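If you want the building blocks of each chain, they are given just below.
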Amino acid sequence: MKKVSAAALLITLHSVAGLNCRTFVSCPKTRLYSVAVLEETATEATKAAKTPGPTRFDALKKKYKGFKTATVVEDIGFSYEEFDVAVQATTYAFGRNDVVSGTTVQYDKGGAIVDIGAKASAFLPLAEAALLQPQGALIEDLVELDQQIDVQIISEEDENGQLLVSVRRIQYRAAWDAVTAMQLEDEAFHAEVIAVNRGGAICLVQGLRAFLPGSHLTGQLPTDDLVGQKLPLKFLEVNPETNKLVVSNRRAVVEMQMSDLSRGDIIEGVVKALKPYGAFIEVGGMSGLLHISQISYDRIDDLEKVLQPGDKVKCMIIDHDKVNGRIALSTKTLEAEPGDMLKDKAKVFEMAEQTAAKYHERMEAERKAREEAAKDIVLGLGDSLDDLGVDDDLSDPLAGVSDDLDSVLN
């Protein structure tokens, strides 16, 4: 065998799957390198040869900044920078409690978005959407989209520039204005009872909750049966500053009944209470006084022997105060004979209409007699003056006085 000088012996082995190279390197000192190291070096060289470099398309894609719209600025009198400065410098005159007009644009988070022309649209919460809200009502039931509405600003701008607005507060003020006007007119009105409590009932007046004291209910008690009924009412107190609204059913009923009553009418009532000075009679929700001196022409020593609470009686109205709802009653005018109320009051009530008619005839005759007597007195005075020979010309104390200024000066 010949000696190999400083040269490399390359042995190439071909395989069916492809070309695999195993390289043995020897040196003059016959040093043999590892086959594994040589294989790893060959593999890395193959991978580096197979990895492609960046193409021209990759370079263009990296430089692409998106599609740019061509803008024509020849007709615009300002630049975008100037427009941005102008927007930032614009002040919006929206303050808390201001009332502005807006348009509902969409429903969102249980409320409504309202465009009022501010930097950001305002938000109308469900609780502020209306003064009267049926139980379980949704924002869709209270506000329509694309509807022009007046709203009150109730907050400052948040971090997004959004404001809170209210419709309920505008309606609340309008309701108080309407109630105040109704009080000035002092007219009776009807309102629905929505709740009851120990002290009375709660009524809904122009969307406001009004208190109806139990003492001002006529012929009823504040029970659950009262809920849903519409009662005639009148105001007792209206105070917007303290949000105090008090109404009376009794006052309304009394005034309506008083308008149909007049002196001399016969009414039926029930004895409610006895006092040393007389009896209180309830007449259709009104309380009338039957004074002890008006019960009988005879003297009454013990009122309880004549009347008892709960007794039904018939009385004649002898006086009334329509402003305060007071009436004065009498039973002695219904007595056919003095003392009948002490002897047989049932007969007095049974014959009340006939006795009252006779009483009116007697009163009318007495009135005419008084008028005739007064006329006779006036005529008698005239005859007395004639007998005295009084001159008619002298009846004018200024008859001889001249209106001429010169005559006065002379």
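Look up: the structure comes first, before these words.
Definitions and cut-offs
Residues numbered from 1 in each chain as written. Predicted model: local features only at pLDDT ≥ 70, side-chain atom pairs only at ≥ 80, totals over all residues. Heavy atoms only, no water. Helix = DSSP H or I, 4+ residues; strand = E, 2+ residues; numbered from the N terminus. Buried < 20%, exposed > 50% of the residue type's maximum accessible area, 1.4 Å probe, protein only. Contact = heavy atoms within 4.5 Å. Areas by Shrake-Rupley, 256 points an atom, 1.4 Å probe, with all protein chains shown as cover. Pairing = 2+ DSSP bridges. Axes fitted to C-alpha atoms, helices over the stretch in contact; angles between N-to-C directions. Core = buried A, V, L, I, M, F, W, Y, C linked by side-chain atoms within 4.5 Å. Phe/Tyr/Trp six-rings, centres within 6.5 Å; stacked < 30°, edge-to-face > 60°. Salt bridge = Lys/Arg side-chain N within 4 Å of Asp/Glu carboxyl O.

**A look at the overall build of the protein**
Inference 1: On a plain count of helices and strands, the protein comes out with 10 helices and 17 strands.
Inference 2: Taken over 410 residues, the protein has a buried fraction of 27%.
Inference 3: Considering only contacts within the protein whose residues lie at least 6 apart along the sequence, 55% involve residues at least 24 apart.
Inference 4: Roughly 28,500 Å² of accessible area belongs to the protein as shown, and the carbon and sulfur atoms make up 54% of that amount.

**Overview of the sheet that holds strand β16 (residues 312-321)**
Inference 1: Pairing is mixed in the closed barrel, where 5 strands are placed in the order β13-β14-β15-β17-β16. Averaged over all pairs of adjacent strands, the angle between strand axes in this sheet comes to 50 degrees, irrespective of strand direction.
Inference 2: With 5 bridges joining them, strand β13 (residues 266-275) and strand β14 (residues 278-283) adopt antiparallel strand pairing. Paired with Val270 across the strands is Glu282, a residue of β14.

**Considerations on the sheet that holds strand β6 (residues 148-153)**
Inference 1: Across the sheet, 5 strands lie side by side as β5-β4-β3-β6-β7; this open sheet has antiparallel pairing. The outermost strands of the open sheet, each flanked by one partner alone, are β5 (122-124) and β7 (165-166).
Inference 2: Two strands pair when backbone bridges link them, and strand β4 (residues 111-115) and β5 are joined in this way by 3 bridges, in the antiparallel orientation. In the strand pairing of β5, Val114 is matched with Ala122.
Inference 3: Sitting on the sheet, helix α5 (residues 168-185) touches β3 (99-108), β6 and β7, and the angle it makes with β6 is about 90 degrees.

**What to know about the nonpolar core**
Inference 1: Ile281, Ile295 and Leu329 are the most contacted members of the largest nonpolar core, which totals 28 residues.
Inference 2: Of all the secondary structure elements, the ones that give two or more residues to this core are α6 (249-258), β13, β14, β15 (286-291), β16, β17 (326-330), α8 (345-350) and α9 (352-387).
Inference 3: Filtering out sequence-adjacent residues up to four positions away, Leu329 remains in contact with Ile267, Ile281, Val283, Gly288, Leu289, Leu290, His291, Gln294, Cys315, Met316, Ile317 and Ile318.
Inference 4: Grouped together as the second largest cluster of nonpolar side chains are 21 residues, Val179, Met182, Phe235 and Val247 included.

**Quick look at the packing of aromatic side chains**
A ring pair, where both rings are aromatic, is described by two values, the distance of the centres and the angle of the planes.
Inference 1: Across all of its chains, the model carries 3 aromatic pairs by this definition.
Inference 2: Ring geometry for Tyr172 versus Trp176: centroids 6.4 Å apart, planes at 80 degrees, classification edge-to-face. Taken as a pair, Tyr172 and Trp176 lie in helix α5 at a separation of 4 residues, close to a single helical turn.
Inference 3: Given the relative accessible area of 6%, Trp176 is considered buried.
Inference 4: With 6.2 Å between their ring centres and 85 degrees between their planes, Tyr277 and Phe280 make a pair best called edge-to-face.

**Details of the environment of Val151**
Inference 1: Among the secondary structure elements, Val151 is positioned in strand β6.
Inference 2: Separated by 35 residues in the primary sequence, Val151 and Ile116 place their C-alpha atoms 8.9 Å from one another.
Inference 3: In contact with Val151, not counting residues within four places along its chain, are Asp98, Val99, Val100, Ile116, Val165, Ser166, Val167 and Ile170.

**Things to note about the pairing of β13**
Inference 1: The pairing of β13 with β16 spans 5 bridges and is antiparallel. For Glu268, the partnering residue across the bridge sits in β16 and is Lys314.
Inference 2: Counting the residues between successive antiparallel strands, the hairpin from β13 to β14 contains 2 residues.

**Observations concerning the side chain of Thr331**
Inference 1: Among the structural elements, Thr331 can be located in the loop between β17 and α7 (340-343).
Inference 2: Owing to a relative accessible area of 1%, Thr331 belongs among the buried residues under this scheme.
Inference 3: Apart from residues lying up to four places away in sequence, Thr331 is in contact with Leu290, Gln294, Ile295, Lys314, Cys315, Met341, Val348 and Phe349.

**Notes on the environment of Ser293**
Inference 1: Residue position: Ser293 is located in the loop between β15 and β16.
Inference 2: Sequence separation between Ser293 and Ser330 is 37 residues; the distance between their C-alpha atoms is 8.6 Å.

**With respect to unusual backbone geometry**
Inference 1: Despite not being glycine, Asn97 shows a phi value in the positive range, around 75 degrees.
Inference 2: Looking at where Asn97 falls in the secondary structure, it is placed in the loop between α3 (80-89) and β3.
Inference 3: Exposure remark for Asn97: the relative accessible area of 48% places this residue in the partly exposed category.
Inference 4: In this structure, Asp146 takes a positive phi of about 60 degrees despite not being glycine.
Inference 5: We classify Asp146 as exposed; its relative accessible area is 64%.

**A few points about the pattern of salt bridges**
Should their charged atoms come close, side chains of opposite charge can pair.
Inference 1: According to the stated counting rule, one finds 13 salt bridges in the structure shown.
Inference 2: The partner of Asp186 in a salt bridge is Arg251, with the nearest N and O atoms 3.2 Å apart. Placement of the pair is Asp186 in the loop between α5 and β8 (189-196) and Arg251 in helix α6, with a sequence separation of 65 residues.
Inference 3: Note that Asp301 is salt-bridged to Arg299, the shortest N-O span being 3.2 Å. Assigned by exposure class, Asp301 and Arg299 land together as exposed.

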